[in-house]
Each structure stands twice: as structure tokens, then as C-alpha cells.
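One letter stands for each residue in the lines below.
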Amino acid sequence: MTQDEHKEGIKGMANPRRYGIERVAYWLMRLTGLGLLAYFIGHIYETSNILRGQVGWDEFLELTQTTEGHAILAIVIAMCVFHTVNGIRVMLGHGGIGVGKPARPDYPYDPASQNYRHKIGIYSAIVLAGIAMLYGLAVMFGE
Amino acid sequence: MRESTIMKIHYGTALAAVALVAVHILMRLTQGFAESLEYENVLANYKFIPYAGMLELILILLSVHGFNGLRVILLELKQGRIYEKAVSYGSLTAMIVLIAYGSRTIIMTNMGMV
Amino acid sequence: MAQVSGIADEKTSTPLSSSNTIILRISRFNPTHDDSSQFMEFTVPYERWTTVLEAILDVKKHFDHSVAVRYSCRQATCGSCGMMINGKPKLACFTKISELNSNVVTVEPMNNFPIIRDLAVKFERLFDTHQKIKPYLIRDDSELESDEREFLQSPEEVEQYIQFANCIKCGLCNSACPTMATDSSFVGPQALAQAYRYVADSRDKGKDSRLKIIDDSHGIWRCHFAGSCSQVCPKGVDPAMGIQLLRGYLLGFRS
């Protein structure tokens, strides 16, 4: 990105502030997507330890069934739930559902697509992610 | 491939993966989390063909969805004919490598080659 | 003969009712000889009704006439005075200083537009992307003959697209868009909303050709419904709504 184009660049794309909860949701969607992809690659690698038999599998469990391992898994649970719920909201939006109907605009020109339905969807995704994370922590640390 | 076709696949893999991953997670919870991760129980899961098939499906769906998402992010960060081709083919390659590696685990474990 | 030593004092017929002042920080940058932009600060008086544009013109008049700013109608009709005001793209003529709730007002050129000088930016990319989506009615019978009548439309048919026809090409949406922040090839919310304006117009028959244009790796699919474009649009065009409705055609939800 050259100075000539005066593009905001990554810091503009990654800045979740200034434009409301929808922009925060966009940013979280990217963050959770990348986090989940990293976890998925790690998960495929770590589960391949089953091919090393009982010894190899137990060695891997010693690494992951730790406090740090459980904490990371709790974060992964939260990311997964947020990405899923928000993803469904975004998919519905992409299909034109819940974005409002075209109408003659009038002052103060509030955008119909930034409505309470999608805001509730975003907040629900965040809340459900939190609940899922707490439930996951209860299950993992409760045993 | 047209971008609309790629995005339909992206949406389709997402919806399918949600259902299957939910089953995968529930399997860990019904048995008791720590108990479900014991070697014998995991081996039994892999040897049960419908479950192994489901794992294979999850592997393919999430690899496609995840690496396509990464491709989209990388395409938006930088543009140029060579870079875009590299990103597209790189994502496809990574997808295939991950599916191959994961499938190796599933197939070998299912066939008892541990 | 009296000697004039400075700028003549302005003689107003009504005294100013307020002694409020704000600090106006203006980004100054001349690409021909500056390496980077710098801010110049000016203390400017304002009233309850003073707009940011008026404050900038006050600076031009009394402090530094070289500040480059584009403006015209002063009533949010022409779309000329788009700029970053306290970090968000807004029309300077449509933004009152009093509604910013800040003692410091920072104005910068719009993001994602090349800078000509100071607050004035180049609009070539916006015009190019707008032109790309064919912003005109496409019909087989577009060659008017002597006995041609006007194309009839019911009020309901007009309601389907009139909102998107309100676009004044101010570029605030392109400035706010997170994809435009990094993607030089992205068509942009302004062009996509205008594509929908024509697709939704019952007089138009060019839907398929426009859908083919936007069905691209840097077309409509790089919109992720962040909604920032609609948040900043000063005319209620709501480009995000138009884009999602347009996407419905490509996904098969609409025909």
C-alpha cells in the first residue's frame, strides 16, 4: 500500500472501533476464524499421535490435559461458538434477511440494515460464546 | 471457478460442519470429558466406521472452509496477478495436505495400523 | 492616506452571542514536497450552528488561506466536502461543531483516496468503479424513436430503488469500508449500491451483465457486511442493504 493510495491499511481494517457493534463483529469474525484455523491445524497434528500407540497418545495427553491446555481449549470453545452464531447471522444478512426494505430515506437517515435484529444477533453470539466458555471450563476443571 | 460458486461452497461447508462438529463435541461430553480422551475410547471411536466417516467429513469441510477464509483475507491484504495466483493455489495445496494428513490418521487407525 | 497593516476586521451587523472556541487541527500535506502530513492547529470561534466547513473557511479567511479544501453546495447535496472529522468520514457542511462534543476537532483527508493536497482527495477510483458497473439503464429498445413514450413505473416500483438513487458520490462509504482499507481492487460499497440501484429498477434489463461484473474475486464477495458504509452515509442510501439484497440474486434467493 503506497502513500499515493492513502489506504488505511491493516490498522484500518483491524480497528474495530468507530463504527458500532457491527464493525466489532466483523473484526471478531476474522480473529476467531484465524484462531480456529490455527487450532484446527494443531488439532489434526496432535490427534495424529494416536498412530504412536498408547505411549504416544498418553504423552500427548500430558501436554494438553493441563491448566494451560484447558484454558486454551476454553478460548477455542468461545471462538467456535461466536464464529458459528455470528456466521449464521451474517449468512442470513447476505441472503437479504433482516436487512430491512428499501424506502424513501428521511432525516436523520438512520440505516435500516443496521437494525436491532442484527445487533441482537451479534450480542447473542458474544453472550453465547461466554456461556459456552464458562460451561467448558466447568466441565474441564470440574473433573 | 466462479467466485459465487466458491462462496456457496464456503457457506455450505460452514452449515454442514456446524452440525457435525456439534456431534463430535457431544461425544466428548456424554462419556465424561477426561474419560472420553483415554486411548481405548478414542481408538474405539476411530474403529466405529460411521464415526470415522463423520470425522473424515469434518476434516474435509473445515479444511475447505478454513483455508478458503484464509484465502479471502490474504487476497484482501495485497493484490497483484502473481500474488493472487500464489494465494489461491497455496490455499488449495494447504487444504489438500491437511486433508491427506488427517485422512492418514483416520484410515490407519480405523484399519488397526497403530 | 491610512496604511493597511493587516487583514481588515470583519464588520458584522449582529454581535456574536457566544465566545466559544475550539481547536481545529487540520492535516496539511503537499505530496510534491512533503514526506508526511502534519497537523496545524487553529483556535476558531463557533456558535451552536457552526459547521466544520464554516470553521475551515474561517481558518482560510483569517489564518491561512492556503488550506486546500473542496466544497460547493454547503447543504449536503453535492458530496464535495467529505473528510475525516475526529476519525470518522463525514461531510464537513453537514457536521456541526457543537454535535461533536469535543474541544478539539481534527480534520484529515478521507482514507482510501489519494491526496491532492491537505483535505482535497482524488476521486478517480470512485468514478472508475462506478463506471464499471454500468450506471445507466440498459435496454434492448434504448434507441428512442419518434413515437417512443417514457418508460412507465408505478410508485411501488420506484420505492424499490429510489433510496439508492439518493447517492451523491461523496465517497464516505468507500472511506469507511474495512475492505477498501486494504484491497486496491475492491469495487467498493458505492459502486455495489449503485449496481443494485439499476438492478432493482424495473426499467432496466441489464441485471445479468451487472451480476457478471460483480461476481468477481474483488467484487461483491469481498463485502462482509461490516455495515460501516451505511453508518457514515449522509443521505440514507444504506449501501449495506443494497449490497446484501444484490447478493441475494447471486445466491439464488432472488430472481
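Residues numbered from 1 in each chain as written. Chains lettered and ligands numbered in written order. Predicted model: local features only at pLDDT ≥ 70, side-chain atom pairs only at ≥ 80, totals over all residues. Heavy atoms only, no water.

Overview of the overall build of chain A
Now for step 1: Helix and strand counts for chain A come out as five helices and zero strands.
Now for step 2: Beginning at the N terminus, the succession of helices and strands in chain A can be written as α-α-α-α-α.
Now for step 3: For chain A, whose C-alpha radius of gyration is 20 Å, the value lies well above the compact-globule estimate of 15 Å for 143 residues.
Now for step 4: With the C-alpha coordinates aligned to their principal axes, the bounding extent of chain A is approximately 70 × 40 × 25 Å.
Now for step 5: The proportion of buried residues among the 143 residues of chain A is 47%.
Now for step 6: Of the roughly 7,500 Å² of accessible surface on chain A, 68% is carried by carbon and sulfur atoms.
Now for step 7: Averaging the locations of the 12 positively and 12 negatively charged side chains of chain A gives two centres separated by 15 Å. (Helix = DSSP H or I, 4+ residues; strand = E, 2+ residues; numbered from the N terminus. Rg over C-alpha atoms; globule rule 2.2 N^0.38 Å. Buried < 20%, exposed > 50% of the residue type's maximum accessible area, 1.4 Å probe, protein only. Areas by Shrake-Rupley, 256 points an atom, 1.4 Å probe, with all protein chains shown as cover. Lys, Arg positive; Asp, Glu negative; His and termini not counted. Charge placed at Lys NZ, Arg CZ, Asp CG, Glu CD.)

Notes on the nonpolar core
Now for step 1: Leu 192, Tyr 196, Ile 214, Ile 220, Trp 221 and Leu 246 of chain C are the most contacted members of the largest nonpolar core, which has 39 residues in total.
Now for step 2: Secondary structure elements with two or more residues in this core: helix H1 (3-30) of chain B together with helix H5 (189-199), helix H6 (207-214) and helix H8 (239-251) of chain C.
Now for step 3: Setting aside chain neighbours within four positions, we find Leu 192 of chain C in contact with Phe 186, Val 187, Ile 214, Ile 220, Ile 243 and Leu 246 of chain C. (Core = buried A, V, L, I, M, F, W, Y, C linked by side-chain atoms within 4.5 Å. Contact = heavy atoms within 4.5 Å.)

Examining the pattern of salt bridges
Now for step 1: Throughout the structure, instances matching the rule amount to 16 salt bridges over all chains.
Now for step 2: With its nearest N and O atoms 2.7 Å apart, the salt bridge here joins Glu 59 of chain A to Arg 52 of chain A.
Now for step 3: Of the charged contacts, one joins Asp 118 of chain C and Arg 28 of chain C as a salt bridge, the two residues approaching to 3.1 Å between their closest N and O atoms. In this pair, Asp 118 of chain C sits in the loop between strand E6 (115-117) and strand E7 (120-121) while Arg 28 of chain C sits in strand E1 (residues 21-28), placing the two residues 90 residues apart along the sequence.
Now for step 4: Residue class for Asp 118 of chain C comes out buried when judged on its relative accessible area of 2%.
Now for step 5: Within the structure, one salt-bridge network assembled from shared partners comprises Arg 30 of chain A, Glu 3, Arg 71 and Glu 76 of chain B together with Arg 222 of chain C. (Salt bridge = Lys/Arg side-chain N within 4 Å of Asp/Glu carboxyl O.)

Some details on unusual backbone geometry
All names here are of chain A.
Now for step 1: The omega torsion of the bond from Tyr 107 to Pro 108 falls at 5°, within 30 degrees of zero and hence cis.
Now for step 2: Note that Pro 108 resides in the loop between helix H4 (67-94) and helix H5 (116-142).
Now for step 3: A positive phi angle, close to 60°, is found at Tyr 109, a residue other than glycine.
Now for step 4: With respect to the secondary-structure elements, Tyr 109 resides in the loop between H4 and H5.

Concerning the environment of Gly 242 of chain C
Residue and element names in this part refer to chain C.
Now for step 1: Mapped onto the secondary structure, Gly 242 falls in helix H8.
Now for step 2: Exposure remark for Gly 242: the relative accessible area of 0% places this residue in the buried category.
Now for step 3: In this structure the C-alpha to C-alpha distance between Gly 242 and Asn 166, which are 76 residues apart in sequence, comes to 12 Å.
Now for step 4: Setting aside its immediate chain neighbours within four residues, Gly 242 contacts Phe 164 and Tyr 196.

What to know about the interface of chain C and chain A
Now for step 1: Facing 49 residues of chain C, the contacting portion of chain A comprises 37 residues.
Now for step 2: Carbon and sulfur atoms supply 57% of the area that chain C and chain A bury against each other, a total of about 3,500 Å² over both sides.
Now for step 3: Taken as a group, Phe 225, Gln 231 and Met 241 of chain C account for 17% of the area that chain C buries against chain A, more than any other trio of residues on that side.
Now for step 4: If you look at where chain C meets chain A, you find one salt bridge. (Buried area = accessible area lost by both parts, 1.4 Å probe.)

Here's the deal with a nonpolar patch on the surface
Now for step 1: On the surface, Ile 88, Leu 92 and Ile 97 of chain A together with Leu 15 of chain B cluster together into a nonpolar patch covering about 340 Å² of accessible area.
Now for step 2: Among the structural elements, Ile 88 of chain A can be located in helix H4.
Now for step 3: On the accessibility criterion, Ile 88 of chain A (36% relative accessible area) is partly exposed. (Patch = residues over 30% accessible without salt bridge, like charges linked within 9 Å, V, L, I, M, F, W, Y side chains within 5 Å.)

As for the interface of chain B and chain C
Now for step 1: Contacts between the two partners involve 12 residues from chain B and, on the opposite side, 15 residues from chain C.
Now for step 2: Counting the surface lost from both chain B and chain C, the interface buries some 1,200 Å², and carbon and sulfur atoms represent 53% of this.
Now for step 3: Sorting the residues of chain B by area buried against chain C places Glu 3, Glu 76 and Gln 79 of chain B first, and these three jointly supply 44% of that buried surface.
Now for step 4: Notably, a salt bridge pairs Arg 222 of chain C with Glu 3 of chain B, separated by 2.9 Å at the nearest N-O pair.
Now for step 5: Contributions of two or more residues to the side of chain B that touches chain C are made by H1 and helix H4 (49-77) of chain B.
Now for step 6: Looking at the side of chain B that touches chain C, the element that brings in the most residues is H1 of chain B, giving five residues.
Now for step 7: Taken together, the residues that form the side of chain B that touches chain C break down as five nonpolar, two polar and five charged. (Nonpolar A, V, L, I, M, F, W, Y, C, P; charged D, E, K, R; others polar.)

Thoughts on the confidence of the model for chain C
Residues and elements named next belong to chain C.
Now for step 1: Summarising the model, chain C shows a mean pLDDT of 90, and 90% of its residues fall at 70 or more.
Now for step 2: Note on residues 1-6: pLDDT under 50 across the span, and zero contacts to partners over four residues away in sequence or across chains.
Now for step 3: In this model, residues 13-17 is a region of pLDDT below 50 whose contacts with residues beyond four sequence positions or in other chains number three contacts.
Now for step 4: For this predicted complex, the interface confidence score (ipTM) comes to 0.91, while the overall pTM stands at 0.89. (pLDDT = per-residue confidence, 0-100.)

Examining the sheet that holds strand E3 (residues 82-85) of chain C
All names here are of chain C.
Now for step 1: The strand order E2-E1-E5-E3-E4 describes an open sheet built from five strands, whose pairing is mixed. Only two strands of the sheet have a single partner each, and these edge strands are strand E2 (38-45) and strand E4 (88-91). Strand-to-strand twist of the sheet, defined as the mean angle between neighbouring strand axes without regard to direction, takes the value 35°.
Now for step 2: Pairing of E1 with strand E5 (residues 104-108), which is carried by four bridges, proceeds in the parallel orientation. Opposite Leu 24, over in E5, you have Val 105 as the bridge partner.
Now for step 3: In the packing of helix H1 (residues 52-62) onto the sheet, contacts are made with E1, E2, E3 and E5, and the angle to E2 comes to roughly 100°. (Pairing = 2+ DSSP bridges. Axes fitted to C-alpha atoms, helices over the stretch in contact; angles between N-to-C directions.)

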